[in-house]
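# A structural walkthrough
Listed below are the residues making up each chain.
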Amino acid sequence: MSIITNSDKSNMNLPIQEEVELNINEKPSQQEKHKKKGILNPKSNAAKRKRPTHRKPPRSDFDPTSPLGVLTSFEIPNMLKNHHEKVCQILGIKDFKSIEPLTINDIINPVRDIINDVGVLDAFNWRELKNVEVLCMSAKGDGLAIIKSPTFENILKCQNEAHEKEKKEIEEYKEKIKKERIEQGILEEEEEEEKVNNVKIDGGITKKRYYRPPTEEPYRRIVKKENLPKVQIAIIPFAFPGDFVNIKVYHTNTHYVDAEIIEFTHLSPLRFKNISGRSEDVVKIDIDPSSLKPIKPNDVPCAYFGICSGCQYQSISYENQLEIKKEVIENAYQHFCRDEVNWKGKIFDTVASPLKYGYRTKLTPHYDVPRSGTKGLGVPRLGFGFRGKGSWLEINKNKKYDENEPVYDNSKLELYHPLNDRKGMRERSLKPYFGDVLDIEDCIIGTDIVRLGFINERERLKKDWNRGIRSKKGVTVLLRENSVINNEEGSEERIFGSREILKDNDDDNVNNNDNNNNNNHDDDNTDNEEEEGPITKLEIEVDGIDGIVTKTCVTDNQKIVSDLVDTGLGRILRFDFIANEFFQNNNSILPKVIKYVKDNLGSEMEYLVDAYCGSGLFSVAIASSIDNQVKKVLGVEISERAVEFAKKNAILNNISQEHCDFICGKAEKLFEKIDFPKNKTGVILDPPRKGCDDVFLKQLSDFEPNRIVYVSCNVHSQARDVKYFLNETNNGNKYEIESIRGFDFFPQTHHVESVAVLVKKAN
Ligand SMILES: C[S@@+](CC[C@H](N)C(=O)[O-])C[C@H]1O[C@@H](n2cnc3c(N)ncnc32)[C@H](O)[C@@H]1O
């Protein structure tokens, strides 16, 4: 095995992308796949639905900082420009200087035609392509590739095939009816009566409206050759730059197609070594394809890898995950700030999470329920959404689901599932049921207590369901870790949460009483114990805490829960908040983040403003720092309940209101109240995904604080706001970026938290 660089790429015998020829007769057509019963009556409603006319494609105005906005305004145009050679190779153009790089308009799929004609739909969504090179990654963590688009000839062929099939179907139907009539002794076919409806229109005039029977001619939409994309962009979950894959396209959107991996033919070096996965210096490993083994589920710890919508990065090393996240931040600044802001060389390495698995203190699995009701249905799948189809992982989808198979045993909770048990879990995750949810028995990025709570709640759902206690709508189950120090005052009342489910003989008796599942299992009423079993808890020792800490898993949205946070500033603090309100979900990385934020507010800071403060995490932590340099902290937050808890959290941790106060309202409200000296004030911004309002940024710039630390869970809106602040506000040009750094709050997933530090320029 030898590693060769991009410059040597031309000498290497890399596989060429090829399309597998479509053979419509070999596969069930889209319409057949959905057809549940025999031959359709061409005049039935179902048949009419099959021939839709003028369905509109989805709207395409989206927030430019959303994943779709970034994909269409930045990632795709960039890919077409940077991989122009690849585009020419696909188009069969030898002299790649002879054409200009394609633009986004050249790759638009004719969605209106696709959704309105079964044949066109077949031509777009049935395709298989071999040796597709994954060129780069989207910020959402999927592999991106440029692929051949369907040819006009193929589209016509598919249309004809679909047309012929439908005609044949109509003939067969007529034959069948004729035969039935003959058998019943009706020799002559009744003539179709022309039905006339009298319809009243404006002014009381009666107009005759003829009832037109549905046409027996299959519907066929005219597709124009000039409306076809020159090439297509494929989104390939679970693939990384440098992978070569055989793919199946299964869904066409305006700007891209969704594809699933059938198999890998070359593996990305990211899977072997800790090297950069950057698109500009993709390195290839020359491997004999015949020696390649597909990546097996056992290669990663989670049983659901490859089919679950979370944790797509599990098959690459943690160092490479951090590297990819750094690249996402660079790309975001490249896109939203380009040359207008001096950010180059200021993006530093992503800070690792101490826990790589077992870190999430909150999980929210859900289940779907059909509108038609739950009568006769088994227990729903409780888990997370599908991502990809996992066919390359050799999941046996056709295996019959067996309710009596033992479920994963949680009595010896381990971080990794025993290997021999995982296959069963994958198979069971696809048990037949309505909706697009995977049945997840255990999620290993959850903390131990959250995983145990999950197992209890699955059992509870099963028991309630079988007793007829069923929700009429889909339900999201909250699983939130709650930490209580045993010897604290009032600790006993605070130890509540998910309870073990006692087995009873009722379990298998299904009745159909539809009651609402209020999902409230957290009361600590011991009378319930016989029925409900004891509260599941873990008692652990925590460094720096005197006494044992009890962890429980809370499922009631409205209960008050606690987290114990090591601030990284010499103290461990207790934070209380409402279980379903925002609180950081990875407790293990908080000491690093809080210390980093505090250090970057500067040693001269005496006053602190915490905008978008939630329940006071940063304010209270910094106000309680043992070096206690901050004279006064003011937090602002839109949620009334969060403000209430921010105030309580200050008191709880012995910080007076004079020292640390909070106001409720939009972030800009703080400028009405603030009287801090600007040259001694630091500001923390931690807005939601959509970023800050312009009004707020303008007022912030007028206020002119000494330093600004901007924490964000959406680096794209952060980059946009930073550019706006520096270029568009009154005092913005007095500031510069000092540093930008990612923090990995969510290992194994594509999410990254970015912290940007803005400082006043030296005079
Ligand atoms: C990402 S959270 C950060 C919370 C806090 N800094 C923490 O780490 O726990 C963002 C917070 O901003 C609040 N928020 C949303 N829009 C706001 C606005 N216009 N003004 C003030 N707060 C807002 C939300 O309620 C949420 O608590």
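All values derive from a computational prediction rather than experimental measurement.

Rules used throughout
Residues numbered from 1 in each chain as written. Predicted model: local features only at pLDDT ≥ 70, side-chain atom pairs only at ≥ 80, totals over all residues. Heavy atoms only, no water. Helix = DSSP H or I, 4+ residues; strand = E, 2+ residues; numbered from the N terminus. Buried < 20%, exposed > 50% of the residue type's maximum accessible area, 1.4 Å probe, protein only. Contact = heavy atoms within 4.5 Å. Areas by Shrake-Rupley, 256 points an atom, 1.4 Å probe, with all protein chains shown as cover. Axes fitted to C-alpha atoms, helices over the stretch in contact; angles between N-to-C directions. Parallel < 35°, antiparallel > 145°, perpendicular 65-115°, else oblique. Nonpolar A, V, L, I, M, F, W, Y, C, P; charged D, E, K, R; others polar. Near = heavy atom within 4 Å. Polar contact = N/O pair within 3.5 Å; in protein donor to acceptor, adjacent residues only side chain to side chain. UniProt positions renumbered as here; feature names shortened; annotations may be inferred. Salt bridge = Lys/Arg side-chain N within 4 Å of Asp/Glu carboxyl O.

Our focus in this paragraph is the overall build of the protein. Regarding its fold elements, the protein presents 18 helices and 27 strands. Burial analysis of the protein (763 residues in total) assigns 53% to the buried set. Sequence separation of 24 or more characterises 77% of the internal contacts of the protein that already satisfy a separation of 6 or more. Carbon and sulfur atoms provide 47% of the accessible area of the protein, an area that totals close to 36,600 Å².

This part covers the packing of helix H3 (residues 67–82) against helix H8 (residues 318–336). With their axes 11 Å apart at the nearest point, H3 and H8 run at an angle of 75° to one another. In this view, H3 runs roughly perpendicular relative to H8, as classed from their interaxial angle. Residue-level contacts link Val70, Ser73 and Phe74 of H3 to Asn331, Gln334, His335 and Phe336 of H8. The residue inventory of the contact of H3 with H8, partitioned by class, reads three nonpolar, four polar and no charged.

Before going further, it helps to examine the site of the ligand. Close to the ligand lie 15 residues; Gln584, Tyr612, Glu637, Ala667 and Asp686 are nearest. At 2.9 Å from a nitrogen atom of the ligand is found a main-chain nitrogen or oxygen belonging to Ala667. Taken by itself the ligand offers 600 Å² of open surface, and the protein chains cover 89% of this. Of the residues assigned to the shell around the ligand, the class counts are nine nonpolar, three polar and three charged.

For the rest of this paragraph, the subject is the side chain of Glu133. Following the sequence through the fold, Glu133 ends up in strand S3 (residues 128–133). Judged by relative accessible area, Glu133 falls into the buried class, the value being 4%. Polar side-chain contacts of Glu133 include one of 3.0 Å to the side chain of Lys86.

With that out of the way, let us pick up the UniProt feature "active site" (unreviewed entry) in the protein. UniProt records the feature "active site" (unreviewed entry) for Cys713 in the present numbering. Within the element layout of this structure, Cys713 appears in the loop between strand S25 (707–712) and helix H18 (715–728). In this structure Cys713 comes out as partly exposed when scored by relative accessible area, which is 25%. Setting aside residues up to four positions removed in sequence, Cys713 forms contacts with Pro688, Arg689, Val752 and Glu753.

On to the environment of Gly69, then. Residue placement: Gly69 occurs in helix H3. The class for Gly69 is buried, based on a relative accessible area of 2%. For the pair formed by Gly69 and His716, sequence separation is 647 residues and the distance between their alpha carbons is 9.9 Å. Discounting chain neighbours no more than four positions away, the residues touching Gly69 are Phe62, Asp63, Pro64 and Phe74.

Most of helix H13 (residues 590–600) is tucked away: eight of the 11 residues are buried. Three or more residues of H13 are buried, namely Leu590, Pro591, Val593, Ile594, Tyr596, Val597, Lys598 and Asn600. In this structure, the buried side of H13 is in contact with strand S19 (560–566), helix H14 (617–623), strand S24 (681–685), S25, strand S26 (735–743) and strand S27 (753–760). The first or second residue beyond H13 is Gly602, which carries a positive phi of 95°.

For the structure shown, the criterion picks out 27 salt bridges. Ionic pairing is found between Asp349 and Lys326, a salt bridge with its closest N-O pair at 2.8 Å. Taken together, the residues span a long stretch of sequence, with Asp349 in strand S12 (residues 347–351) and Lys326 in helix H8 at a distance of 23 residues. For Lys326, a relative accessible area of 14% translates into the label buried. A salt bridge links Glu606 to Lys631; the shortest N-O distance between them is 2.8 Å. With a gap of 25 residues between them, Glu606 in the loop between H13 and strand S21 (607–611) and Lys631 in the loop between H14 and strand S22 (632–637) connect regions that are remote in the sequence. Members of the salt-bridge network, linked through shared partners, are Glu488, Arg494, Arg574 and Asp576.

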